Amino acid sequence: MADPELVDVVVVGLGVGGEEVAERLAEAGLSVVGIERDLVGGECPYWGCVPTKMMIRAANALAEAHRVNELAGSAQVQPDWAPVAKRIREEATDTWDDKVAVDRFTGKGGRFVRGSGRLDGPDRVRVGDQVFQARYGIVLGTGTRPSIPPIDGLGDTPYWTNHQAIEVEELPESLLILGGGAIGLELAQVFARFGVRVTVVEAADRVLAVEEPEASEVAAAALRADGVIIATGVKAERVSHDGQSFTVHGGGAEFTADRLLVVTGRRAHLEELGLETVDVDASQRYLPVDERMHAADGIWAVGDLTGEGAFTHIAMYQAAIVVADVLDQMRRTKGGPDPSGTASVVGGAAGVASAVGGAMSAGGATAAPGSVPRADYRALPRVTFTDPEVGAVGLTEQQARERGINVQVGYTDLTTSARGWIHKAGNAGFIKLIVDADQGVLIGATSVGPAGGEVLSGLVVAVHAAVPLSQLRHMIYAYPTFHRAIEDALRNLK
Ligand SMILES: Cc1cc2nc3c(=O)[nH]c(=O)nc-3n(C[C@H](O)[C@H](O)[C@H](O)COP(=O)(O)OP(=O)(O)OC[C@H]3O[C@@H](n4cnc5c(N)ncnc54)[C@H](O)[C@@H]3O)c2cc1C
C-alpha cells in the first residue's frame, strides 16, 4: 500500500456542489484532488434538471401549438420524440460523457481521480489503493440516489428510475409513475404531451404534497387536462411484471402499463462514506452540517447530501460558502498561500455541465477574511416546471400556522388579473402570500402560472430581505405583467 499523498483539499463526489468547490479551490491555487465515480457534474446535467427542462421545453411547444386553435386559427402538430432524445443525447449530455467537465476541472489545475472515495480516518480519503491526506480539509458532495420503496415484488421488476426515463429513445405507449412529487409531475406531463398514456399513483392525498393545497389542485387539473390519470391516496402494496407490462396493486385497485417509473424520493448513502472512521453517525438520513457546511472537524458537506433541499441552487449556494470558509480557515489557522482575489466565478466552458455552472455559480461567497457567509434557508425558492409552473418560497400557510405565527394570507386568481385574462389559453394560476402579521413581512409565497417560476423572483427578494409590507404595497408593478397579480394578493391579505 502506497503512503498517503499530501494535498490541500480532497473533494469526494463531483456533482453540482462538489464540482463547484473543487474547481474554485483549484483556481485559487490549492492542490485539489476531485474524486468522482460516475460523471463529473452529477445528476443535474445528465439525468436531472437540464435534460428534464429540455423535455419540458419541447412538450410545452406542443401544448402552445394546441392553443393556437383557441387563439390564432388552427394548427396541427405531430409529436415526435426523436428530436428530444437527440437533443438530450447530443447537446445536453455528450452521450453521457463527462470529458468536457473533467477537462475543465483539470484545466483549472485540479487533479481528477475516477473512483469511489471513502473517508479513511481524520484528514484521509481512500480511493482504491490510493490514500490522500488533506492538509486543509475534505469536502463531501456525494448527493443522493433514488429511494426505492420496499413494495412487494418491485425489486424483481425492470422498473425505471429517472435515469431510464431521461435516456429513453422510444416512448412506451403507457407509463405508470409511482410518486406525484415535482419530478413525477414534470415527467408525467412531458410524456403525456407526447402521446403516452400516463397514470400517476401517489400515496399522499394530493400531488405536490409539500406545496400549498391550491398548487396541488391547479397542477392536478393541468395534468388531467393533458390526459394524465392521477390516483392519490393510493399506497402501492404490490408490483408485478409479466414480461410485457407492469401492474401496481394498491388501495383495492390495479394499474397496468408498459413501463413503471419510480420517483418516490431520494436518499443519501452515508453508509458508503467511511464516516465511522471520523466518529460521525452514518445511520442518519442525511449528513447534518452547520451554517458553514461543517459536518465534522476538517470535513465539509454540500448539496443534496446535507438534506437542506434537493436543488441545484442549494448545492451551488452551499458550495460558495464552503469555498469561502476553506480559504478563510486556511488563511487564519493553517497558513499557506494567500488566495484572496484569485477565487473566481466558474463557468463558460462548452458542454452542459457549464450550462449548470455558468448559470448558477455566481453564488456570492467571497473569501475576504471574516466575511464568510452563513447559510440561511428562509428564502429557499423551489420551482416545479409543470405547465403552469409552480414556484414557491419560504413557508406554506400550514407551516407558518404550525409555528404559531400570527398569519395573514393574501390570494388572487391569475385568470382574473389583466394579464391572465389577456393570456387566455393556459392561464391557470394564482399568487398566494403568507405574511407574519406581527412583523409586517412576507414569510412565504406561492406563484403558480405560465411564468410562475420567474414571477417568484420578486417574492424571493421580499422574503429574503424581509421587505416591509408597506414597501411592497407602495411600489409600482408593470402593467400588464403576471407579477402585477402580487399587488392584488397584497390587497386581499386577511
Ligand atoms: C429528474 C430530476 C430533475 C431535477 N430537476 C431539478 C431542477 O429543475 N432544479 C433544481 O434545482 N434541481 C433539480 N434536481 C435536483 C438536482 O439534480 C440536485 O439537487 C443536484 O444534482 C444535487 O447536486 P449534488 O452535488 O448534491 O449531488 P449529485 O448531483 O447527486 O452528485 C453527486 C455525485 O457524487 C458522486 N458520488 C457519490 N458517492 C461517491 C463516492 N463515494 N465517491 C465518488 N463519487 C461519488 C455521484 O456519482 C454523483 O456524480 C433534479 C433532480 C432530478 C433527479
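Residues numbered from 1 in each chain as written. Predicted model: local features only at pLDDT ≥ 70, side-chain atom pairs only at ≥ 80, totals over all residues. Heavy atoms only, no water.

Inclusion rule: UniProt positions are given in the numbering used here, feature names are shortened, and annotations may be inferred rather than shown by experiment.
The name recorded for the protein chain in an unreviewed UniProt entry is NAD(P)/FAD-dependent oxidoreductase, from Micromonospora coerulea. Note on the protein chain: under the UniProt heading Sequence similarities (unreviewed entry), the record states "Belongs to the class-I pyridine nucleotide-disulfide oxidoreductase family." Recorded under Cofactor (unreviewed entry), the UniProt text for the protein chain is reproduced unchanged: "FAD".

1. A few points about the packing of aromatic side chains
To keep it simple, the criterion reads: Each pair of aromatic rings taken from Phe, Tyr and Trp, with Trp reduced to its six-membered ring, is defined by centres within 6.5 Å and is described as stacked if the planes are under 30 degrees apart, edge-to-face if over 60, and tilted in the remaining cases. Using a 1.4 Å probe on the protein chains alone, a residue whose accessible area is under 20% of its type maximum counts as buried, one over 50% counts as exposed, and one in between counts as partly exposed. Where helices and strands are cited, they refer to DSSP runs of H or I of at least four residues and of E of at least two residues respectively, numbered from the N terminus.
The final tally for this structure, using the stated rule, is five aromatic pairs. Pairing Tyr46 with Trp47 gives two aromatic rings, centres 5.9 Å apart and planes at 50 degrees, and the pair type is tilted. With respect to class, Tyr46 is no different from Trp47; both count as buried. With centroids separated by 5.5 Å and ring planes inclined at 45 degrees, the aromatic side chains of Trp81 and Phe191 adopt a geometry described as tilted. A residue pair is termed long-range when its members are at least 10 positions apart, and Trp81 in the loop between α3 (49-71) and α4 (82-92) and Phe191 in helix α7 (residues 182-193) qualify at 110 residues. Look at Phe191 and you get buried, because its relative accessible area is 1%. Joined through ring pairs, the aromatic side chains of Trp81, Phe191 and Phe194 make up one cluster.

2. Here's the deal with the confidence of the model for the protein chain
We apply this condition: Confidence of the predictor in every single residue is expressed as pLDDT, which spans 0 to 100. Whether two residues are in contact is decided by their heavy atoms: any pair within 4.5 Å suffices.
Overall, the prediction assigns the protein chain a mean pLDDT of 93, with 92% of residues at 70 or greater. For residues 338-368, every residue scores under 50 in pLDDT, and the model assigns this stretch 68 contacts once sequence neighbours within four places are set aside.

3. Structural notes on the sheet that holds strand β21 (residues 430-436)
Defined as follows: Strands are treated as partners if at least two bridges between them are detected by DSSP. For helices, the fitted axis covers only the stretch in contact; all axes are lines through C-alpha atoms, and the angles between them, taken along N-to-C directions, range from 0 to 180 degrees.
The antiparallel open sheet is built from five strands, whose spatial order is β18-β19-β22-β21-β20. With partners counted over all chains shown, the strands left at the sheet margins are β18 (381-384) and β20 (407-413), one partner each. The sheet shows a mean angle of 10 degrees between the axes of neighbouring strands, direction not considered. Packed onto the sheet, helix α8 (residues 213-225) meets β19 (389-394), β20, β21 and β22 (441-449) and runs at close to 170 degrees relative to β21.

4. With respect to unusual backbone geometry
Along the chain, Asp387 connects to Pro388 via a cis peptide bond; the corresponding omega equals 5 degrees. Along the chain, Pro388 falls in the loop between β18 and β19. The step from Tyr479 to Pro480 runs through a cis peptide bond, and the omega angle for that step is -10 degrees. Residue placement: Pro480 occurs in the loop between α14 (469-473) and α15 (485-491). Residues other than glycine seldom take positive phi values, yet Leu208 does so here, at roughly 45 degrees. By secondary structure assignment, the location of Leu208 is in the loop between β9 (197-201) and α8. Here the phi dihedral of Asp279 falls at roughly 60 degrees; this positive angle occurs in a residue that is not glycine. Within the secondary structure layout, Asp279 lies in the loop between β15 (266-267) and β16 (294-296).

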